[in-house]
Amino acid sequence: PRVVAVSIEREIHPITAEIVGHAIEQAQSENAAMLLVRINTPGGLLDATREIIQKLDASTVPVVTYVEPSGARGASAGFFVLEAGDVAAMAPGTNTGASSPVMMVGQMDPVMRNKVENDAAAMLRSMMSRRGRDSEVGEQTIRQAKSFTEKEALDQKLIELIANSEQQLFE
């Protein structure tokens, strides 16, 4: 079966959303069996992340999100992308979470922080619930900046599996 892969590395921004959108279009036009989204990011812009999630949700090709290689992270906005996959996986020695919204410059006043956190939490709860994942635990990544190792993420029902390699993931 044909697999189209796209990597999200470094910070997530509007160009990242375009790249993911092109990968989805390619996967659909080639009748791929799966779109693999490789994740290794410290996070990024919430608007770009929301755009990526909307595109992944609309994909007619099944989406597998995978934090790799060992030592990689799917932090902050990367956690949202990880949870957007139809199947979410992580490699050994990876971590995810710490999704509390922050401003690039300055600080949010308490009312704005509350609004942004509540909006992000509602989006995450909706997405995780649809995929049968534990949204209460997932919400801790926003409210408490909680992070998880791959084993903790599996045990807490944030991901479906741990895979040592893409080959093992496909199997």
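These numbers come from a predicted model, not from an experiment.

## Quick notes on the overall build of the protein
Secondary structure summary: the protein contains seven helices and eight strands in total. When its C-alpha atoms are laid out on the principal axes, the protein stretches across 50 × 30 × 30 Å. With 171 residues in all, the protein has 46% of them scored as buried. Long-range pairs, those at least 24 residues apart, make up 71% of the contacts in the protein between residues at least 6 apart in sequence.

## Describing the packing of helix 1 (residues 14-29) against helix 2 (residues 46-58)
Running from N to C, helix 1 and helix 2 cross one another at 10°; their axes reach a closest spacing of 8 Å. Relative to helix 2, the element helix 1 is oriented roughly parallel. On helix 2, the residues touching Pro14, Thr16, Ala17, Glu18, Val20, Gly21, Ile24 and Gln28 of helix 1 are Ala48, Glu51, Ile52, Lys55, Leu56 and Ala58. Of the residues assigned to the contact of helix 1 with helix 2, the class counts are eight nonpolar, three polar and three charged.

## Notes on helix 5 (residues 135-143)
When helix 5 is considered as a whole, its buried residues turn out to be Ser135, Val137, Gly138, Glu139, Thr141 and Ile142. In this structure, the buried residues of helix 5 make contact with helix 3 (77-84), strand 6 (95-97), helix 4 (110-130) and strand 7 (147-149). Sitting at the amino-terminal end of helix 5 is Asp134, which places a side-chain oxygen 3.1 Å from the backbone nitrogen of Glu136.

## Concerning helix 1
Given 3.6 residues per helical turn, the α-helix brings residues three or four places apart onto the same face. For helix 1, spanning 16 residues, the distance from its first C-alpha to its last is 23 Å, which sits close to the expected 22 Å at 1.5 Å a residue. Along helix 1, the positions that sit buried rather than exposed are Thr16, Ala17, Val20, Gly21, Ala23, Ile24 and Ala27. Around the axis of helix 1, the buried residues are gathered within 160° of arc, so they sit on the same side. Once helix 1 finishes, Asn31 follows within two positions and takes phi at roughly 50°, a positive value.

## Regarding the pairing of strand 2 (residues 34-40)
Looking along a regular strand, one sees side chains alternate from face to face of the sheet. Where burial is concerned, most of strand 2 is hidden: five out of the seven residues are buried. Note: strand 1 (residues 3-9) against strand 2, seven bridges, orientation parallel. Residue pairing in the sheet places Glu9 in a bridge with Asn40 of strand 2. Crossover handedness for the path strand 1 to helix 1 to strand 2: right-handed. Across five bridges, strand 2 lies against strand 3 (residues 63-67) in parallel orientation.

## Re unusual backbone geometry
Residue Pro69 is bonded to the preceding Glu68 through a cis peptide linkage, with omega at -5°. For Pro69, the location among the structural elements is in the loop between strand 3 and strand 4 (73-75). Not every positive phi belongs to a glycine, and Ala98 is a case in point at roughly 50°. Mapped onto the secondary structure, Ala98 falls in the loop between strand 6 and helix 4.

About the criteria used
Residues numbered from 1 in each chain as written. Predicted model: local features only at pLDDT ≥ 70, side-chain atom pairs only at ≥ 80, totals over all residues. Heavy atoms only, no water. Helix = DSSP H or I, 4+ residues; strand = E, 2+ residues; numbered from the N terminus. Buried < 20%, exposed > 50% of the residue type's maximum accessible area, 1.4 Å probe, protein only. Contact = heavy atoms within 4.5 Å. Axes fitted to C-alpha atoms, helices over the stretch in contact; angles between N-to-C directions. Parallel < 35°, antiparallel > 145°, perpendicular 65-115°, else oblique. Nonpolar A, V, L, I, M, F, W, Y, C, P; charged D, E, K, R; others polar. Polar contact = N/O pair within 3.5 Å; in protein donor to acceptor, adjacent residues only side chain to side chain. Expected span 1.5 Å × (residues − 1). Arc of directions from axis to C-beta. Pairing = 2+ DSSP bridges. Right-handed = clockwise from strand over helix to strand, strands pointing away.

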